[in-house]
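As a plain string of letters, each chain reads:
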Amino acid sequence: MRYFFVIFTCIALQATAQKDLNFDKRFVESVNHWTALYTGKDSVYNYGYIYMDPKLGLAVHNEGTFKITGNNAYVPTKRPFGAINTLRLQNNKTKVAWIPENRFPELQITANPDWLSALKIDTASAAYLLKWAFTYNDGHESNKALPYLERVKQIDPNYPGLDFEFAYYYNANRQFNESEALLRKSLAVRPDDFRVYKELIYEEVFSNNLAMAEKTYQLALPHSNTEQKAELSYNICLIYFQQKNEPKFNQWAAEAKKWVVPGTKQMETLTRMMSSPMN
(Lines give C-alpha, C1' and ligand atoms only; values in the text may rest on other atoms or scores of the structure.)
Protein backbone atom coordinates (compact mmCIF):
# COMPACT_ATOMS: atom_id res chain seq x y z
CA MET A 1 0.00 0.00 0.00
CA ARG A 2 2.87 2.39 0.77
CA TYR A 3 4.38 1.74 -2.68
CA PHE A 4 1.01 2.42 -4.29
CA PHE A 5 0.67 5.65 -2.28
CA VAL A 6 4.10 6.89 -3.50
CA ILE A 7 3.21 6.19 -7.12
CA PHE A 8 -0.18 7.87 -6.72
CA THR A 9 1.44 10.92 -5.09
CA CYS A 10 3.96 11.28 -7.95
CA ILE A 11 1.22 11.06 -10.53
CA ALA A 12 -0.86 13.64 -8.67
CA LEU A 13 2.08 16.04 -8.43
CA GLN A 14 2.81 15.67 -12.14
CA ALA A 15 -0.84 16.33 -12.94
CA THR A 16 -0.69 19.49 -10.82
CA ALA A 17 2.37 20.63 -12.73
CA GLN A 18 0.62 20.05 -16.03
CA LYS A 19 -2.33 22.17 -14.84
CA ASP A 20 0.11 25.07 -14.52
CA LEU A 21 0.75 24.90 -18.24
CA ASN A 22 -2.17 25.10 -20.64
CA PHE A 23 -0.95 24.84 -24.22
CA ASP A 24 -3.76 26.81 -25.78
CA LYS A 25 -2.13 30.09 -26.87
CA ARG A 26 -0.89 31.04 -30.33
CA PHE A 27 2.28 33.06 -30.80
CA VAL A 28 0.33 36.16 -31.78
CA GLU A 29 -1.68 35.96 -28.54
CA SER A 30 1.46 35.67 -26.43
CA VAL A 31 3.30 38.94 -27.03
CA ASN A 32 4.89 40.20 -23.80
CA HIS A 33 4.50 36.83 -22.09
CA TRP A 34 6.90 34.19 -20.86
CA THR A 35 5.89 31.00 -22.64
CA ALA A 36 6.62 27.29 -22.54
CA LEU A 37 6.84 24.94 -25.50
CA TYR A 38 6.98 21.15 -25.18
CA THR A 39 10.29 19.68 -26.40
CA GLY A 40 9.06 16.14 -26.97
CA LYS A 41 10.99 14.90 -23.94
CA ASP A 42 9.17 13.86 -20.79
CA SER A 43 8.51 16.89 -18.55
CA VAL A 44 11.06 19.07 -20.40
CA TYR A 45 10.03 22.38 -21.97
CA ASN A 46 11.62 25.23 -23.87
CA TYR A 47 10.86 28.61 -22.39
CA GLY A 48 11.21 32.11 -23.75
CA TYR A 49 9.77 35.60 -23.88
CA ILE A 50 7.68 36.51 -26.94
CA TYR A 51 7.81 40.15 -27.99
CA MET A 52 7.64 42.43 -31.01
CA ASP A 53 11.20 43.00 -32.19
CA PRO A 54 11.74 46.30 -34.06
CA LYS A 55 13.70 44.51 -36.80
CA LEU A 56 12.46 40.92 -36.80
CA GLY A 57 8.80 41.48 -35.97
CA LEU A 58 7.24 38.71 -33.88
CA ALA A 59 10.14 37.06 -32.05
CA VAL A 60 11.05 34.96 -29.03
CA HIS A 61 13.97 35.43 -26.67
CA ASN A 62 14.91 31.81 -25.97
CA GLU A 63 15.95 31.54 -22.34
CA GLY A 64 16.62 27.79 -22.29
CA THR A 65 14.76 24.73 -21.03
CA PHE A 66 13.25 23.61 -17.76
CA LYS A 67 12.21 20.28 -16.31
CA ILE A 68 9.28 19.63 -14.02
CA THR A 69 10.48 17.31 -11.28
CA GLY A 70 8.50 14.69 -9.40
CA ASN A 71 7.93 17.11 -6.52
CA ASN A 72 6.48 19.74 -8.89
CA ALA A 73 9.55 21.99 -9.03
CA TYR A 74 10.64 23.88 -12.17
CA VAL A 75 14.38 23.34 -12.71
CA PRO A 76 15.85 25.55 -15.46
CA THR A 77 18.84 25.00 -17.73
CA LYS A 78 19.85 28.38 -19.12
CA ARG A 79 21.28 28.82 -22.61
CA PRO A 80 25.05 29.41 -22.64
CA PHE A 81 26.19 33.02 -22.46
CA GLY A 82 26.81 34.34 -25.97
CA ALA A 83 24.46 31.86 -27.67
CA ILE A 84 21.95 33.21 -30.19
CA ASN A 85 18.84 33.79 -28.10
CA THR A 86 16.46 35.68 -30.39
CA LEU A 87 14.48 33.86 -33.06
CA ARG A 88 11.90 35.21 -35.50
CA LEU A 89 8.56 33.43 -35.17
CA GLN A 90 6.36 32.31 -38.02
CA ASN A 91 2.64 32.45 -37.41
CA ASN A 92 1.44 28.85 -37.49
CA LYS A 93 -0.72 26.46 -35.50
CA THR A 94 1.86 25.87 -32.78
CA LYS A 95 0.39 26.37 -29.31
CA VAL A 96 2.35 27.53 -26.27
CA ALA A 97 1.54 27.90 -22.58
CA TRP A 98 1.86 31.08 -20.56
CA ILE A 99 4.12 30.47 -17.58
CA PRO A 100 2.40 31.49 -14.31
CA GLU A 101 4.09 34.36 -12.46
CA ASN A 102 4.46 32.29 -9.31
CA ARG A 103 6.94 30.14 -11.27
CA PHE A 104 9.18 33.06 -12.30
CA PRO A 105 11.53 32.83 -9.27
CA GLU A 106 12.20 29.15 -9.96
CA LEU A 107 13.06 29.93 -13.58
CA GLN A 108 15.14 32.98 -12.60
CA ILE A 109 13.11 35.36 -14.76
CA THR A 110 11.18 38.59 -14.18
CA ALA A 111 7.90 39.83 -15.64
CA ASN A 112 9.72 42.66 -17.44
CA PRO A 113 13.11 41.41 -18.66
CA ASP A 114 16.04 43.83 -18.37
CA TRP A 115 17.20 43.14 -21.92
CA LEU A 116 13.80 44.24 -23.27
CA SER A 117 14.13 47.77 -21.88
CA ALA A 118 17.69 47.88 -23.24
CA LEU A 119 16.33 47.53 -26.79
CA LYS A 120 14.79 51.01 -26.47
CA ILE A 121 11.90 50.11 -28.77
CA ASP A 122 10.00 53.07 -30.18
CA THR A 123 6.50 51.69 -29.73
CA ALA A 124 4.91 54.74 -31.35
CA SER A 125 6.82 54.61 -34.64
CA ALA A 126 5.10 53.75 -37.93
CA ALA A 127 7.54 50.86 -38.49
CA TYR A 128 6.73 49.26 -35.13
CA LEU A 129 2.97 49.70 -35.50
CA LEU A 130 2.99 48.28 -39.02
CA LYS A 131 4.79 45.18 -37.74
CA TRP A 132 1.87 44.67 -35.36
CA ALA A 133 -0.60 45.05 -38.24
CA PHE A 134 1.36 42.59 -40.37
CA THR A 135 1.51 40.09 -37.49
CA TYR A 136 -2.24 40.15 -36.97
CA ASN A 137 -3.00 40.00 -40.70
CA ASP A 138 -0.57 37.11 -41.11
CA GLY A 139 -2.12 35.39 -38.08
CA HIS A 140 -5.63 35.60 -39.60
CA GLU A 141 -6.77 38.11 -36.99
CA SER A 142 -7.22 41.06 -39.32
CA ASN A 143 -9.76 42.84 -37.15
CA LYS A 144 -7.00 43.32 -34.57
CA ALA A 145 -4.77 44.75 -37.30
CA LEU A 146 -7.09 47.65 -38.11
CA PRO A 147 -6.31 49.90 -35.09
CA TYR A 148 -2.58 49.67 -35.88
CA LEU A 149 -3.18 50.39 -39.56
CA GLU A 150 -5.19 53.48 -38.69
CA ARG A 151 -2.45 54.72 -36.35
CA VAL A 152 0.17 54.29 -39.08
CA LYS A 153 -2.07 56.16 -41.51
CA GLN A 154 -2.27 59.08 -39.07
CA ILE A 155 1.54 59.18 -38.85
CA ASP A 156 2.22 58.77 -42.59
CA PRO A 157 -0.54 57.80 -45.05
CA ASN A 158 2.13 56.96 -47.65
CA TYR A 159 4.24 54.76 -45.39
CA PRO A 160 5.77 51.88 -47.42
CA GLY A 161 3.72 48.69 -47.09
CA LEU A 162 0.68 50.37 -45.54
CA ASP A 163 -1.44 50.09 -48.69
CA PHE A 164 -0.83 46.35 -48.91
CA GLU A 165 -1.66 45.66 -45.26
CA PHE A 166 -4.85 47.70 -45.57
CA ALA A 167 -5.74 45.72 -48.73
CA TYR A 168 -5.09 42.47 -46.90
CA TYR A 169 -7.42 43.61 -44.13
CA TYR A 170 -10.14 44.53 -46.66
CA ASN A 171 -9.82 41.19 -48.46
CA ALA A 172 -10.06 39.30 -45.18
CA ASN A 173 -13.29 41.15 -44.44
CA ARG A 174 -14.58 40.76 -48.01
CA GLN A 175 -14.53 44.49 -48.71
CA PHE A 176 -13.24 43.92 -52.23
CA ASN A 177 -14.14 47.34 -53.62
CA GLU A 178 -11.75 48.85 -51.07
CA SER A 179 -8.90 46.40 -51.66
CA GLU A 180 -8.64 46.48 -55.46
CA ALA A 181 -7.41 50.06 -55.83
CA LEU A 182 -4.89 49.64 -53.00
CA LEU A 183 -3.52 46.42 -54.48
CA ARG A 184 -3.06 47.98 -57.92
CA LYS A 185 -1.31 50.90 -56.25
CA SER A 186 0.95 48.44 -54.40
CA LEU A 187 1.65 46.53 -57.61
CA ALA A 188 2.81 49.72 -59.32
CA VAL A 189 5.38 50.20 -56.56
CA ARG A 190 6.31 46.52 -56.05
CA PRO A 191 5.75 44.72 -59.38
CA ASP A 192 7.82 41.70 -58.30
CA ASP A 193 6.05 41.05 -54.97
CA PHE A 194 4.21 37.71 -55.08
CA ARG A 195 2.07 38.61 -52.06
CA VAL A 196 0.47 41.49 -53.98
CA TYR A 197 -0.40 39.23 -56.92
CA LYS A 198 -1.83 36.62 -54.56
CA GLU A 199 -4.11 39.12 -52.82
CA LEU A 200 -5.14 40.70 -56.12
CA ILE A 201 -6.13 37.30 -57.55
CA TYR A 202 -8.04 36.58 -54.33
CA GLU A 203 -9.94 39.86 -54.74
CA GLU A 204 -10.66 39.20 -58.43
CA VAL A 205 -11.82 35.62 -57.86
CA PHE A 206 -14.23 36.53 -55.07
CA SER A 207 -15.45 39.55 -57.00
CA ASN A 208 -16.39 37.07 -59.74
CA ASN A 209 -13.88 38.64 -62.11
CA LEU A 210 -12.17 35.42 -63.15
CA ALA A 211 -11.09 36.69 -66.56
CA MET A 212 -9.02 39.37 -64.80
CA ALA A 213 -7.73 36.80 -62.30
CA GLU A 214 -6.40 34.72 -65.20
CA LYS A 215 -4.56 37.77 -66.57
CA THR A 216 -3.11 38.58 -63.16
CA TYR A 217 -1.93 34.97 -62.88
CA GLN A 218 0.06 35.33 -66.08
CA LEU A 219 1.64 38.53 -64.77
CA ALA A 220 2.52 36.76 -61.52
CA LEU A 221 4.34 33.80 -63.09
CA PRO A 222 7.76 35.48 -63.54
CA HIS A 223 7.69 36.52 -59.87
CA SER A 224 6.55 33.18 -58.38
CA ASN A 225 8.36 30.00 -57.39
CA THR A 226 6.93 26.52 -58.08
CA GLU A 227 5.01 26.34 -54.81
CA GLN A 228 3.48 29.76 -55.39
CA LYS A 229 2.49 28.90 -58.97
CA ALA A 230 0.84 25.74 -57.65
CA GLU A 231 -1.09 27.75 -55.06
CA LEU A 232 -2.41 30.33 -57.52
CA SER A 233 -3.34 27.90 -60.31
CA TYR A 234 -4.94 25.47 -57.86
CA ASN A 235 -7.11 28.22 -56.34
CA ILE A 236 -8.39 29.34 -59.75
CA CYS A 237 -9.00 25.71 -60.72
CA LEU A 238 -10.97 25.15 -57.50
CA ILE A 239 -13.30 28.05 -58.23
CA TYR A 240 -14.09 26.74 -61.71
CA PHE A 241 -14.79 23.31 -60.19
CA GLN A 242 -17.20 24.85 -57.70
CA GLN A 243 -18.90 26.72 -60.54
CA LYS A 244 -19.15 23.45 -62.54
CA ASN A 245 -17.49 25.18 -65.50
CA GLU A 246 -16.02 22.06 -67.05
CA PRO A 247 -14.04 23.58 -69.97
CA LYS A 248 -12.37 26.14 -67.71
CA PHE A 249 -11.83 23.59 -64.97
CA ASN A 250 -10.07 21.24 -67.37
CA GLN A 251 -7.87 24.08 -68.61
CA TRP A 252 -6.82 25.10 -65.10
CA ALA A 253 -6.51 21.55 -63.82
CA ALA A 254 -3.92 20.98 -66.54
CA GLU A 255 -2.16 24.20 -65.51
CA ALA A 256 -2.19 23.27 -61.83
CA LYS A 257 -0.81 19.78 -62.55
CA LYS A 258 2.32 21.42 -63.95
CA TRP A 259 3.15 22.90 -60.55
CA VAL A 260 1.44 20.90 -57.80
CA VAL A 261 3.85 18.46 -56.15
CA PRO A 262 2.87 14.78 -56.59
CA GLY A 263 1.94 12.95 -53.41
CA THR A 264 0.71 16.05 -51.58
CA LYS A 265 -2.81 16.64 -50.23
CA GLN A 266 -3.16 19.37 -52.83
CA MET A 267 -2.47 16.86 -55.63
CA GLU A 268 -4.78 14.33 -53.99
CA THR A 269 -7.64 16.86 -54.00
CA LEU A 270 -6.86 17.94 -57.56
CA THR A 271 -6.92 14.33 -58.76
CA ARG A 272 -10.20 13.70 -56.97
CA MET A 273 -11.78 16.78 -58.60
CA MET A 274 -10.56 15.67 -62.04
CA SER A 275 -12.22 12.27 -61.61
CA SER A 276 -15.50 13.72 -60.29
CA PRO A 277 -18.44 14.27 -62.66
CA MET A 278 -19.45 17.91 -63.06
CA ASN A 279 -23.19 17.26 -63.27
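What counts, and where the lines are drawn
Residues numbered from 1 in each chain as written. Predicted model: local features only at pLDDT ≥ 70, side-chain atom pairs only at ≥ 80, totals over all residues. Heavy atoms only, no water. Helix = DSSP H or I, 4+ residues; strand = E, 2+ residues; numbered from the N terminus. Rg over C-alpha atoms; globule rule 2.2 N^0.38 Å. Contact = heavy atoms within 4.5 Å. Lys, Arg positive; Asp, Glu negative; His and termini not counted. Charge placed at Lys NZ, Arg CZ, Asp CG, Glu CD. Phe/Tyr/Trp six-rings, centres within 6.5 Å; stacked < 30°, edge-to-face > 60°. Buried < 20%, exposed > 50% of the residue type's maximum accessible area, 1.4 Å probe, protein only. Lys NZ or Arg CZ within 6 Å of the ring centre and 35° of its normal. Axes fitted to C-alpha atoms, helices over the stretch in contact; angles between N-to-C directions. Parallel < 35°, antiparallel > 145°, perpendicular 65-115°, else oblique. Left-handed = near helix turned anticlockwise from the far one by under 90°. Nonpolar A, V, L, I, M, F, W, Y, C, P; charged D, E, K, R; others polar. pLDDT = per-residue confidence, 0-100. Salt bridge = Lys/Arg side-chain N within 4 Å of Asp/Glu carboxyl O. 1 Å grid on protein atoms, 1.4 Å probe; cavity = no way out; pocket = protein on both sides within 12 Å on 5 of 7 lines; lining within 4 Å. Points joined across faces, edges and corners; volume = space filled by probe spheres on them. Core = buried A, V, L, I, M, F, W, Y, C linked by side-chain atoms within 4.5 Å.

1. Some remarks on the overall build of the protein chain
Across its full length, the protein chain carries 12 helices and six strands. For a compact globule of 279 residues, the expected C-alpha radius of gyration is about 19 Å, and the protein chain comes in at 24 Å, more than 25% above that figure. Across its three principal axes, the protein chain shows a C-alpha extent of roughly 75 × 55 × 30 Å. For the protein chain, contacts bridging at least 24 residues in sequence account for 56% of all contacts bridging at least 6. Of the charged side chains in the protein chain, 32 are positive and 29 negative, and the gap between their average positions amounts to 5 Å.

2. Focus on the packing of aromatic side chains
Per the stated rule, a full pass over the model turns up 20 aromatic pairs. A ring pair is formed by phenylalanine 176 and phenylalanine 206, whose centres lie 6.3 Å apart and whose planes are at 20°; its orientation type is stacked. Taken as a pair, phenylalanine 176 in helix 7 (residues 176-189) and phenylalanine 206 in helix 8 (residues 194-206) lie far apart in primary sequence, 30 residues in all. Judged by its relative accessible area of 10%, phenylalanine 176 is buried. A cation over a ring is seen here: lysine 25 above tryptophan 98, with NZ or CZ 4.6 Å from the ring centre. One cation-aromatic arrangement involves lysine 153 over phenylalanine 166; the distance from NZ or CZ to the ring centre is 5.7 Å.

3. What about the packing of helix 6 (residues 162-172) against helix 8?
Where helix 6 contacts helix 8, the two axes come as close as 10 Å, and the packing angle between them is 30°. Considering the angle they form, helix 6 stands roughly parallel to helix 8. Crossing hand, helix 6 versus helix 8: left-handed. Residues Phe164, Glu165, Tyr168 and Asn171 of helix 6 form the contact with helix 8, whose participating residues are Arg195, Val196, Glu199, Tyr202 and Glu203. Taken together, the residues of the contact of helix 6 with helix 8 sort by class into four nonpolar, one polar and four charged.

4. Section: the confidence of the model for the protein chain
Averaged over all residues, the pLDDT of the protein chain equals 88, while 92% of them reach at least 70. Here residues 1-17 scores under 50 on pLDDT; set against residues more than four positions off or in separate chains, the count is 10 contacts.

5. As for the environment of lysine 248
Structurally, lysine 248 is set in helix 11 (residues 246-257). For lysine 248 and cysteine 237, which are 11 residues apart along the polypeptide, the C-alpha to C-alpha distance reads 7.8 Å. Those residues within four positions of lysine 248 in sequence are excluded, and the remaining contacts are Glu214 and Tyr240.

6. Observations regarding the pattern of salt bridges
Going through the model one piece at a time under the given rule, you end up with 15 salt bridges. In this structure, arginine 103 engages aspartate 20 in a salt bridge whose closest nitrogen and oxygen atoms are separated by 2.5 Å. Residue arginine 103 is found in the loop between strand 6 (97-98) and helix 2 (104-107), and its partner aspartate 20 is found in helix 1 (residues 2-20); the two are separated by 83 residues along the sequence. A residue is classified by how much of its surface remains accessible, and arginine 103, at 7% relative accessible area, is buried. Of the charged contacts, one joins lysine 248 and glutamate 214 as a salt bridge, the two residues approaching to 3.1 Å between their closest N and O atoms. Taken as a pair, lysine 248 in helix 11 and glutamate 214 in helix 9 (residues 210-220) lie far apart in primary sequence, 34 residues in all. Each of the salt bridges in this network shares a partner with another, and the network as a whole consists of Glu165, Arg190, Asp193 and Arg195.

7. Notes on the packing of helix 10 (residues 226-242) against helix 12 (residues 265-274)
Helix 12 packs onto helix 10 with a crossing angle of 30° between their chain directions and a minimal axis gap of 11 Å. Comparing the axis directions of helix 10 and helix 12 gives the class roughly parallel. Relative to helix 12, the crossing made by helix 10 is left-handed. Judged by residue contacts, Ala230, Glu231, Tyr234, Cys237, Leu238 and Phe241 of helix 10 engage Gln266, Thr269, Leu270 and Met273 from helix 12.

8. Here we look at the layout of surface pockets
In this structure, the largest pocket spans a volume of roughly 740 Å³. Together, 26 residues line the largest pocket, and Asp138, His140, Tyr168, Lys198 and Glu199 are the ones closest to its centre. When contributions to the lining of the largest pocket are tallied by element, the ones reaching two or more residues are helix 4 (126-138), helix 6, helix 8 and helix 10.

9. Regarding the nonpolar core
Counting 56 residues, the largest nonpolar core has Leu149 and Leu270 as the members making the most contacts within it. Those residues in contact with leucine 270 that lie beyond four places of it in its chain are Tyr234, Cys237, Ala253, Ala256, Lys257 and Val260. Membership of the second largest hydrophobic core comes to 17 residues, among which are Ala36, Tyr51, Tyr74 and Ile109.

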